[in-house]
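What follows is each chain in one-letter form.
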Amino acid sequence: MAGVALGNVSKQYAHHRGSVEILRNVSITVEDGEFVSLVGRSGCGKTTLLRIVGGFVRPDAGSVLVDATPVRGPGSDRGVLFQQPMLFPWLTVLENTLFGPRAEGSYAADTRERAVELLRVVGLAGFEYHYPKQLSGGMMHRAAFARAMMVNPKIMLMDEPFGALDALTRAGMQQFLLELWERRRFTVILVTHDVEEAVLLSDRVAVMASAPGELVETIEIPLPRPRTYDVSESTEFVDLKRRVRQAVERARGGGSVVGADHARASG
Ligand SMILES: Nc1ncnc2c1ncn2[C@@H]1O[C@H](COP(=O)(O)OP(=O)(O)O)[C@@H](O)[C@H]1O
Ligand SMILES: [Mg+2]
């Protein structure tokens, strides 16, 4: 079992005029096998929060538990897909995909075959022996995705993984992620600014306000599983999308300095 539990996580960054509060008292529990999306405007602290769960950034306060154990750094229990695809430039696409199993010492007879199959699924058949610099941005994202999936992490932390892809490729990747998640039920925290993507994929959508980043609302997505794209035409889907969008709108000015001043002035 591998859930994630954040308790009153706060984070500040040093700034030339002092320190800036990025995250304030963020608490959320993501159950084992649950798919949770994190939405909110640009700069609200989504990436920082994901990096804290990944163990790349330490919070100033609060608790971060993965599988009921405090996070002390990165670990192979958590697969990470960064906003920028981080491929090793000196390795081919296939070698990049095989990196995890090799590093972990879990390389088996069928590992190479699985990598080739994963690369086919993400649309990179024929590019196994290309180097990252020979790929388009979207292809690098897909290679990074295949690499992250190769080690079967219990938790996947994904930071706007499909944001840079064209609409058709993005739809294909979302469908692929849905199918993979149905089969393996790993825990997912997905950062996205795409409300439709969040509703399509998630069990719950957590909405963040900015300056400082706070979790302000969590919306359940009780759409039936397994899901396919067809669900996006249902009235239930459209209603949920509207609810999430409205929550993001409400969250916008909510935590800002200007909003707080207004609140004080009028209160
Ligand atoms: N290493 C850092 N040092 C200083 N400020 C940072 C650092 N990382 C992020 N920030 C600031 O923290 C805020 C939140 O950033 P981020 O977590 O990337 O937000 P999001 O992913 O929601 O766009 C931004 O104002 C950003 O400039
Ligand atoms: Mg970000």
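Everything that follows concerns the structure shown earlier in this document.
Note that the coordinates shown come from a computational prediction; the quantities given were computed from them, not determined experimentally.

**Q** Looking at this model, I keep getting lost on the side chain of R204. Mind explaining?
**A** As for its placement among the helices and strands, R204 is situated in strand β9 (residues 204-209). When neighbours within four sequence positions are excluded, R204 is seen to be in contact with T29, V30, E34, F35, V36, S37, T218, I219, E220 and I221.

**Q** What is the right way to look at the packing of helix α4 (residues 137-150) against helix α5 (residues 167-184) in this model?
**A** Helix packing geometry: the angle between the two helix axes and the distance between the axes. Relative orientation of the contacting elements α4 and α5 amounts to 5 degrees, with a least axis distance of 12 Å. One finds that α4 runs roughly parallel with respect to α5. Taken together, the residues of α5 that come into contact with α4 (itself represented by R142, F145 and M149) are T169, M173, F176, L177, L180 and R184. Looking at the contact of α4 with α5, its residues break down into 6 nonpolar, 1 polar and 2 charged.

**Q** In this structure, what is going on with the pattern of salt bridges? I would like to understand it.
**A** Here the idea is simple: oppositely charged side chains can pair when their charged atoms come close. Applying the stated criterion across every chain, the model contains 11 salt bridges. Here D67 ties to K154 by a salt bridge, and the two come within 3.7 Å at their closest N and O atoms. Of the two residues, D67 is situated in the loop between β4 (61-66) and β5 (69-70) and K154 in the loop between α4 and β7 (155-159); the sequence distance between them amounts to 87 residues. Overall, K154 belongs to the partly exposed group, its relative accessible area being 44%.

**Q** How should I be thinking about the sheet that holds β5 in this particular structure?
**A** Two orientations exist for strands paired in a sheet by backbone hydrogen bonds: parallel and antiparallel. Spatially, β2-β1-β4-β5 is the arrangement adopted by the 4 strands of the open sheet, whose pairing is antiparallel. Looking at the sheet topology across the chains shown, the edges are occupied by β2 (18-30) and β5. Examined bridge by bridge, strand β1 (residues 4-15) and β4 share 5 bridges and lie antiparallel to one another. Within the sheet, the bridge partner assigned to G7 lies in β4 and is S63. Its contacts with the sheet place helix α1 (residues 46-54) against β1, β2 and β4, and it is angled at close to 120 degrees to β1.

**Q** Can you help me understand the pairing of β2 in this one?
**A** The side chains of a regular strand alternate between the sheet's two faces. Of the strand pairs in this sheet, β1 and β2 are connected by 9 bridges, and their pairing is antiparallel. Within β2, the residue paired with L6 across the bridge is I28. In sequence, β1 turns back onto β2 through a hairpin of 2 residues.

**Q** Where do I start with the site of ligand 1 in this structure?
**A** Y13, I22, R41, S42, G43, C44, G45, K46, T47 and T48 make up every residue found near ligand 1. Between G43 and ligand 1, the recorded distance is 2.6 Å, taken from a backbone N or O atom to an oxygen atom. In isolation ligand 1 offers 560 Å² of accessible surface; the protein chains occlude 56% of this area. Residue contributions to the shell around ligand 1 peak at 3 residues, all from α1. A breakdown of the residues in the shell around ligand 1 according to their chemical character gives 3 nonpolar, 5 polar and 2 charged.

Cut-offs and rules
Residues numbered from 1 in each chain as written. Chains lettered and ligands numbered in written order. Predicted model: local features only at pLDDT ≥ 70, side-chain atom pairs only at ≥ 80, totals over all residues. Heavy atoms only, no water. Helix = DSSP H or I, 4+ residues; strand = E, 2+ residues; numbered from the N terminus. Contact = heavy atoms within 4.5 Å. Axes fitted to C-alpha atoms, helices over the stretch in contact; angles between N-to-C directions. Parallel < 35°, antiparallel > 145°, perpendicular 65-115°, else oblique. Nonpolar A, V, L, I, M, F, W, Y, C, P; charged D, E, K, R; others polar. Salt bridge = Lys/Arg side-chain N within 4 Å of Asp/Glu carboxyl O. Buried < 20%, exposed > 50% of the residue type's maximum accessible area, 1.4 Å probe, protein only. Pairing = 2+ DSSP bridges. Near = heavy atom within 4 Å. Polar contact = N/O pair within 3.5 Å; in protein donor to acceptor, adjacent residues only side chain to side chain. Areas by Shrake-Rupley, 256 points an atom, 1.4 Å probe, with all protein chains shown as cover.

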